[in-house]
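Residue strings, one per chain:
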Amino acid sequence: MKDYRYIFNKFITGYYFYEGLRLTIAILLPIFFLGHYDLIQYGTTMAVGVLCTSMPDNAGPIHHRRTAMMYTIGFIFIVSLICGLLAKGYVIVLIMLAVFSFAFSMIGVYGTRAGAVGLACMVAMCINIDHRLELKQTVINSLFIAAGGVWYFFVSTVIHRIRPYKLVQQALGDCMLETAEYIKIKASFFLSGSDLNDKYKKLADAHVLVNQKQTLVREMLFKTRSIVKDSTHTGRVLLMSFLDTIDLFERIMTSQRQYAALHFHLSDTHLMTAIGNAVLKLGNELQLIGLSFQSGIKAPKNQFNDRFILELEVYLKNTKEKHLNESNANAYESLEHILDNISDLQKRIEALQRYSTYDPELIPENAINTKQFDEYVDKSDFSIKILIDNLNFDSGIFRHSIRVSLAILSGYILSLIMPIGHDYWILLTIVVILKPAFALTQQRNKERLIGTIVGAFLAGILLYVTNKYYVLLSILIVCMILAYSLMRIKYGLSIVFMTIFIVLGFYFLKVGEQNPNDLLKERVIDTIIGSVISITFLYLIPPKWEKYNMHDLAVKTIQANKSYFTYIAHAFMGERFDTHTFKLKRKESYVALANFGDSFQRMLSEPKKMQQNGDYIHQMVVSNYMLASHIATLAGLKTDYKNAYNSQSFDTIIKNTNQNLQYCINLLNNTVPANFEIRKLNINTELNLLKEDIIGKLSTATADKPIHYSSYMEIVEQLEIINRISIDVVNVTKNFRSV
């Protein structure tokens, strides 16, 4: 069952609600202020500038936000001015629409924030396209739109000055909350229920979300000078909290085990359920800490403490004494390692709880080395070459730009033929619905259509029930806050609230003394027209289907996993192990895996005929996820054991695993010689040789440097599992390459 109190707290303390509240205040203040002096028309014009400038002001490094807002202010002023000056003849308007729509859509090649700048310019274009103003009034109108942008820039900057760490705290808390959800899914592996393959799919999907949140926080922290250069105590706490959250996530992945075998051998006990419930409690503890970071308050003291760990250890020991036999010995040994992991997770979560206090004694001034953080974030490239390289039909953003241009031209021509209500509503519907990805466009189209109809229906009931000014104004303000807060997370619900406040806004303005029922009809009709045009051009000029991205993403994922594995495995043979390099390899693996999984999710929302061989793609995603998870487990052993269990005897199984993965890469790239045959490893023979070598090493153990057979075998077990998964990846690749 859903915990609605948790959902509410997560929303009300998160940065989406924070953004919605900020935007609502920035829009309404100029309207109320200028309306007091009977200049409300200029207040609403400023509101357009506020709305447009807010679009690229989403979560991220503050200097990126400021730069994007400044460009937006300049562009929307120029666009508004040009539209006002040239909106005299239909031919000129059509040319202007085509050029602006294409150009501002193509800006998206430079990333999400640049795409938001382009969207803001197209919104300004749509709103100003049907204005027939004199030169003086056009200039005044454009200046007030720019003034609205400047006003929003001022509000955003002042809020940041007052609370410079608030957005980072919220983003970090959100990252912890997604990590907690990941932990809860991991707990399901210990509990009875759905098959493991389905659980791995959910885990891979959750990994995509965690990676998105980590990427956002990484950008905000590592690209903010006041945190990594001019370090303050709060900045150090946030930085250390994020690093520990990443390590916590890594530790969760290191608990990868052969769950089917554990359930089989321990079916006559309740140990798996007890472990699963313990992991669930850890997820709940992390949720509370995440909410505390979002709120900026001290997290409650952890309830899952050393006493619970001790109880689990006693329960495991007593059960083991009763049920241990030769067949289930390995299962009990695995549970002991899992319990060690749980104990480690509990200590890490306790550390995060302490960080939420911002105690000055927690982190000394020079405790964090920030010199290498630049390597953890991707560099932005705004070269003209990127734009030129995308001016072809193989580029998804180019197809999108052509699609937007033609759809807007069609919408404008149709608005001339069928002059119903407000022309720009049709164009705005097209602009906000059409996205480069098919799945998102289809989803937006459906949600905007349903949301508009539901919102219009509710607005009609509202106006029928009451016409009291302060009641309707209060509802309008609440709907504005909710509409802008939900825009990025619940688009359909956001449109419901947006439709209500837009209808109420026009009701207050009494534009042309228009009947509210006519206004509702026009809003719905214009939205339907815009939706139909959008979906029509989505099929006429289809995007680059996700299935065509799968090959390159699969290659990148296998390459990243191979590089990650090679670095960790060779460290067990005595090669240098550097924590910084290890973390970079880990990040590359997780990002590649998340991109692969994210693209696969989008593919599942595309037409069925574009999902051919979806089962093989799914197997490839899951196999690579399992591979990365067990490599993470191997990395955890290296971190725990340092150099105590290095051995050259691991060489054969490591080489064979790398050979398998390289074969997959060559197979996908069609670079495998015709007469090439992959060398199969006799795993049982190799394992026996390894065991003999390990037994020989036990004789070299001393009191101060003990060597444990079980610890060596834990490394061997992970190398064996990784090798077997690499063989699975080979088999999947042979089918996948035909996709």
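In the block above lies the structure referred to throughout.
The shown structure was predicted, so the numbers you read here are calculated from the model rather than taken from an experiment. (Residues numbered from 1 in each chain as written. Predicted model: local features only at pLDDT ≥ 70, side-chain atom pairs only at ≥ 80, totals over all residues. Heavy atoms only, no water.)

Q: Help me understand the overall build of the protein chain, please; the structure alone is not making it clear to me.
A: The number of helices and strands found in the protein chain is 28 helices and zero strands. The C-alpha atoms of the protein chain give 29 Å as radius of gyration, which agrees with the globular expectation for 739 residues (27 Å, within 12%). Classification of the 739 residues of the protein chain by burial places 54% in the buried group. Within the protein chain, contacts between residues at least 6 apart in sequence are counted, and of these 82% link residues at least 24 apart. For the protein chain, the exposed area adds up to about 33100 Å²; of that, 59% sits on carbon and sulfur atoms. Both charge centroids of the protein chain, one from 74 positive and one from 63 negative side chains, sit 4 Å from each other. (Helix = DSSP H or I, 4+ residues; strand = E, 2+ residues; numbered from the N terminus. Rg over C-alpha atoms; globule rule 2.2 N^0.38 Å. Buried < 20%, exposed > 50% of the residue type's maximum accessible area, 1.4 Å probe, protein only. Contact = heavy atoms within 4.5 Å. Areas by Shrake-Rupley, 256 points an atom, 1.4 Å probe, with all protein chains shown as cover. Lys, Arg positive; Asp, Glu negative; His and termini not counted. Charge placed at Lys NZ, Arg CZ, Asp CG, Glu CD.)

Q: What is the right way to read the pattern of salt bridges from this model?
A: Opposite charge on two side chains allows them to pair when their charged atoms are near. Counting across every chain of the model gives 20 salt bridges. Note that arginine 65 and aspartate 57 form a salt bridge whose closest N and O atoms lie 2.7 Å from each other. According to the relative accessible area criterion, arginine 65 is buried, its value standing at 4%. Using a relative accessible area of 1% as the deciding quantity, one classes aspartate 57 as buried. Arginine 602 is the salt-bridge partner of aspartate 598, the closest N and O atoms lying 2.9 Å from each other. Of this pair, aspartate 598 and arginine 602 both sit in helix α24 (residues 579-603), four residues apart, which is roughly one turn of that helix. (Salt bridge = Lys/Arg side-chain N within 4 Å of Asp/Glu carboxyl O.)

Q: How should the packing of helix α9 (residues 196-222) against helix α11 (residues 233-253) be read in this particular structure?
A: Packed helix pairs are specified by the crossing angle of their axes together with the interaxial distance, meaning the distance between the axes. Here α9 crosses α11 at 155 degrees, and the two axes come no closer than 11 Å. When the axes of α9 and α11 are compared, the pair comes out roughly antiparallel. The element α9 and its partner α11 pack so that their crossing is left-handed. Residues His207, Val210, Gln214, Val217, Arg218, Leu221 and Phe222 of α9 pack against Leu238, Leu239, Phe242, Leu243, Ile246, Phe249 and Met253 of α11. The residue inventory of the contact of α9 with α11, partitioned by class, reads 11 nonpolar, two polar and one charged. (Axes fitted to C-alpha atoms, helices over the stretch in contact; angles between N-to-C directions. Parallel < 35°, antiparallel > 145°, perpendicular 65-115°, else oblique. Left-handed = near helix turned anticlockwise from the far one by under 90°. Nonpolar A, V, L, I, M, F, W, Y, C, P; charged D, E, K, R; others polar.)

Q: So what exactly am I meant to see when it comes to unusual backbone geometry here?
A: With glycine set apart, most residues show a phi of negative sign, and most peptide bonds adopt trans. With a phi close to 55 degrees, tyrosine 358 is a non-glycine residue in the positive phi region. Considering the arrangement of structural elements, one finds tyrosine 358 in the loop between α15 (329-355) and α16 (384-389). Residue asparagine 670 is not a glycine yet carries a positive backbone phi of 55 degrees. In this fold, asparagine 670 is placed in the loop between α26 (651-668) and α27 (683-698).

Q: I would appreciate a short explanation of the environment of alanine 98 in the present structure.
A: As for its position among the elements, alanine 98 is in helix α5 (residues 90-106). Judged by relative accessible area, which is 23%, alanine 98 ranks as partly exposed. Separated by 404 residues in the primary sequence, alanine 98 and isoleucine 502 have C-alpha atoms spaced 28 Å apart. When near neighbours in sequence (up to four residues on either side) are disregarded, alanine 98 contacts Ser405 and Leu409.

Q: Sorry if this is basic, but what is going on with α11 here?
A: Because an α-helix completes one turn every 3.6 residues, residues spaced three or four positions apart along the sequence face the same direction. Between its terminal C-alpha atoms α11 stretches 30 Å, which fits the 30 Å expected from 21 residues at 1.5 Å a residue. α11 sits mainly inside the fold: 19 of its 21 residues count as buried. (Expected span 1.5 Å × (residues − 1).)

Q: Help me understand the nonpolar core in this model?
A: When a protein is soluble and globular, its nonpolar side chains tend to lie buried together. Tyr182, Ile342, Phe596, Phe650 and Ile715 are the most contacted members of the largest nonpolar core, which totals 125 residues. With 13 residues, the top contributor of residues to this core is helix α25 (residues 614-641). In this structure, tyrosine 182 is in contact with Leu203, Ala206, His207, Val210, Phe249, Ile252, Met253 and Tyr625, ignoring residues within four places of it in sequence. Grouped together as the second largest cluster of nonpolar side chains are 80 residues, Ala459, Met480, Ile481 and Ile502 included. (Core = buried A, V, L, I, M, F, W, Y, C linked by side-chain atoms within 4.5 Å.)

Q: Before we go on, may I ask you to explain helix α14 (residues 306-323) in this structure?
A: Along its 18 residues, α14 runs 26 Å from first to last C-alpha, staying within 8% of the 26 Å computed at 1.5 Å per residue. For α14, the full list of buried residues reads Phe308, Ile309, Leu312, Leu316 and Thr319. End-on, the buried residues of α14 take up no more than an arc of 100 degrees, which puts them together on one face. α14 presents Lys317, Glu321 and Lys322 as exposed residues on the side facing more than 90 degrees away from its buried surface. Looking at the packing, one finds that the buried side of α14 touches α13 (271-295) and α15. (Arc of directions from axis to C-beta.)

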